Amino acid sequence: MIDLLAVTAHPDDLEVCAGGLFLKAKKEGKKTGLIIFTRGESGGYAEQSTREHEAAEGARLLGLDYFKHLNFNDAGVYFGEETVNTLVPLLRECSPKILLTLHKDDYHPDHVAVSRTVDAATFVAGLRKHSKDNTDWKPKELMYFSADYRTNKSKPDILINIEDVIEERNKCCDAHTSQGVTPHAIKAAEYLGRLARCKYAEGLYLRNPLTLNSASGLF
């Protein structure tokens, strides 16, 4: 079982959006994983083989316990039966406690398609017919992260202080040398840090409101 699983559209999505969170989770003894839908070959900055190598290096630096790199067309991922059916057995294989994916209001069509795919596949994967031992599964939480706060104007529901892992997080972003994403990732972390009243932060969006059973949950 994976404690924290991310499903993204492209290599570098996780490192830029939630690399700090994943590094913190590993330091706290959690099992982490990543599924990437595309090889990122359409950006025009690098060959597919280069992006594959960079994705593998990013996964190594994050210390992932589970890593799958699928082969859907970059800039050509569409929500539908194929994407959902591909993801369902992988979700059952991992049975993550917490599932993260891209925000539906992100700027890139692949991000939107992957977000919708994860929503649907999470429901379908919870059906007993997809279980080898006839058991139910659903994540404790399904949450989202955003790749560009210039286009997605909504503010995150949860902010995570990543000051203690920012240098490691930046090295994970640096693994994607061909894309030059580190400066963007730093600016995003600084922006979210201002919201969180710290130097660097990452943000998550909730699918459903949090429920508290006592007032002490606020403190």
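Structural notes, computed from the coordinates.

Conventions and cut-offs
Chains are numbered independently. Their residues run from 1 in the order of the written sequence. Selection of residues for local features in this predicted model requires a pLDDT of at least 70, selection of side-chain atom pairs for listing and counting requires 80 or more, and totals for whole chains, interfaces and linings are taken over all residues. Excluding hydrogens and water, the side-chain figures rest on all heavy atoms present in the structure. By definition, any uninterrupted DSSP run of H or I lasting at least four residues is a helix, any uninterrupted run of E lasting at least two residues is a strand, and each is numbered from the N terminus. Atoms counted for the radius of gyration: C-alpha only. Globule rule: 2.2 Å times residue count to the power 0.38. Contacts are assigned to residue pairs with any non-hydrogen atoms lying within 4.5 Å of each other. Per-residue accessibility takes into account occlusion by the displayed protein chains alone, with areas from the Shrake-Rupley method and a 1.4 Å probe. Charge counting follows a simple rule: Lys and Arg are positive, Asp and Glu are negative, and His as well as the terminal groups are ignored. To locate a charge, take NZ of a lysine, CZ of an arginine, CG of an aspartate or CD of a glutamate. What a helix is expected to span follows from its residue count: subtract one and scale by 1.5 Å. Under the scheme applied here, a residue whose accessible area is under 20% of the maximum for its type counts as buried, over 50% as exposed, and between as partly exposed, the area being computed with a 1.4 Å probe on protein chains only. Any two strands are treated as partners once DSSP identifies two or more bridges connecting them. Axes here refer to lines fitted to C-alpha atoms; in helices the fit is confined to the stretch in contact. Angles between the N-to-C directions go from 0 to 180 degrees.

**Points about the overall build of the chain**
Looking only at helices and strands, one finds six helices and seven strands in the chain. The helix and strand sequence of the chain, counted from the amino end, reads β-α-β-α-β-α-β-α-β-β-α-α-β. The C-alpha atoms of the chain give 17 Å as radius of gyration, which agrees with the globular expectation for 219 residues (17 Å, within 12%). Each principal axis of the C-alpha atoms in the chain carries an extent, and together these give about 50 × 45 × 30 Å. Taking the intrachain contacts of the chain between residues at least 6 apart in sequence as the baseline, contacts between residues at least 24 apart amount to 80%. Here the chain has roughly 11100 Å² of accessible surface; of this, 50% comes from carbon and sulfur atoms. Within the chain, one finds 28 positive and 31 negative side-chain charges whose respective centroids are separated by 6 Å.

**Let's talk about helix 4 (residues 109-125)**
Its 17 residues place the ends of helix 4 24 Å apart at the C-alpha level, agreeing with the 24 Å of an ideal helix rising 1.5 Å per residue. Three or more residues of helix 4 are buried, namely D110, H111, A113, V114, S115, T117, V118, A121, T122 and A125. Elements in contact with the buried residues of helix 4: strand 1 (4-8), helix 1 (13-27), strand 2 (32-38), helix 3 (81-94), strand 4 (98-102) and strand 5 (141-145).

**A word on unusual backbone geometry**
One non-glycine residue, D12, adopts positive backbone phi at about 90°. For A75, which is not a glycine, the phi torsion comes out positive at approximately 60°. Looking at where A75 falls in the secondary structure, it is placed in the loop between strand 3 (66-72) and helix 3.

**Quick look at the sheet that holds strand 6 (residues 158-161)**
If you walk across this open sheet you meet the seven strands as 3-2-1-4-5-7-6, and the pairing is mixed. Among the strands making up the open sheet, the edge pair consists of strand 3 and strand 6. This sheet shows a mean twist of 25° between the axes of neighbouring strands, independent of strand direction. When strand 1 meets strand 2, the two strands line up parallel, connected through five bridges. Along strand 2, the bridge assignment pairs L5 with G33. Together, strand 1, strand 2, strand 4, strand 5, strand 6 and strand 7 (201-206) form the strand contacts of helix 1, whose direction differs from that of strand 1 by roughly 175°.

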